[in-house]
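Overview (structure and organization)
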Amino acid sequence: KVGLTKQRGGRGDDDDPAGVQATVAYLQQLGGADVALVCEYSKWVLESDAAEGLRIFTSSAGEGLDKAVILDHLTAVAPACVRSYVEHVVTIRGDPSPALHDELIVLYLKDLQAEDAAGDAAAAVERRREVRSKLTKFLREAAGDTPERFLANPAFNDLLACRSSTSPNPRD
């Protein structure tokens, strides 16, 4: 049925909003047992309209899908959606998984590092402030997370070392 939804709604045109929306609506109805189908048929949606594709996984229906499978899928197909997905799972759904908390922190740190590399353009400075604000808020509010646990993780140490050595202005 998903293939038919794409063919009928999208008439083979990935840019057709009706086809994208019909496929998103159908995939949202599938449950955890159909995660392989959801991943397979979400690819074209994510490539056509990443924000709409992300809705497949962040809607209430997406809660039953295996988070590790979805994270791997998004990393492979739509890397730009990964942070939004992990933010949603951790901050909106309140997932207590230390692995997802760690992933979110690493994503924030990588974003800060990328913004540092972008230079001092006003937009980059604003994005740095936004990401730093989200990271700080998350670290303050994350239940059960301690700075000691983060500092014991080699991934954090590597990113922090890179960040401190490349940051033009640590106060941005």
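Let me sum up the structure you'll find in this document. (Residues numbered from 1 in each chain as written. Predicted model: local features only at pLDDT ≥ 70, side-chain atom pairs only at ≥ 80, totals over all residues. Heavy atoms only, no water.)

Turning next to the overall build of the protein chain. Within the protein chain one finds ten helices and zero strands. Starting at the N terminus and walking to the C terminus, you meet the elements of the protein chain as α-α-α-α-α-α-α-α-α-α. Across the 172 residues of the protein chain, 42% fall into the buried class. Counting only contacts in the protein chain whose residues sit at least 6 apart along the sequence, the fraction spanning at least 24 positions is 58%. (Helix = DSSP H or I, 4+ residues; strand = E, 2+ residues; numbered from the N terminus. Buried < 20%, exposed > 50% of the residue type's maximum accessible area, 1.4 Å probe, protein only. Contact = heavy atoms within 4.5 Å.)

With that settled, the discussion passes to the packing of helix 6 (residues 82-92) against helix 7 (residues 98-118). Orientation of helix 6 relative to helix 7, taken along the N-to-C sense of each, is 140°, at an axis distance of 10 Å. Here helix 6 lies oblique to helix 7, going by the angle between them. The two elements helix 6 and helix 7 cross, and the hand of that crossing is left-handed. Across the interface between the two elements, Val82, Arg83, Val86, Glu87, Val89, Val90 and Thr91 of helix 6 pack against Leu100, His101, Glu103, Leu104, Leu107, Tyr108 and Asp111 of helix 7. When the residues that make up the contact of helix 6 with helix 7 are grouped by side-chain class, the tally is eight nonpolar, two polar and four charged. (Axes fitted to C-alpha atoms, helices over the stretch in contact; angles between N-to-C directions. Parallel < 35°, antiparallel > 145°, perpendicular 65-115°, else oblique. Left-handed = near helix turned anticlockwise from the far one by under 90°. Nonpolar A, V, L, I, M, F, W, Y, C, P; charged D, E, K, R; others polar.)

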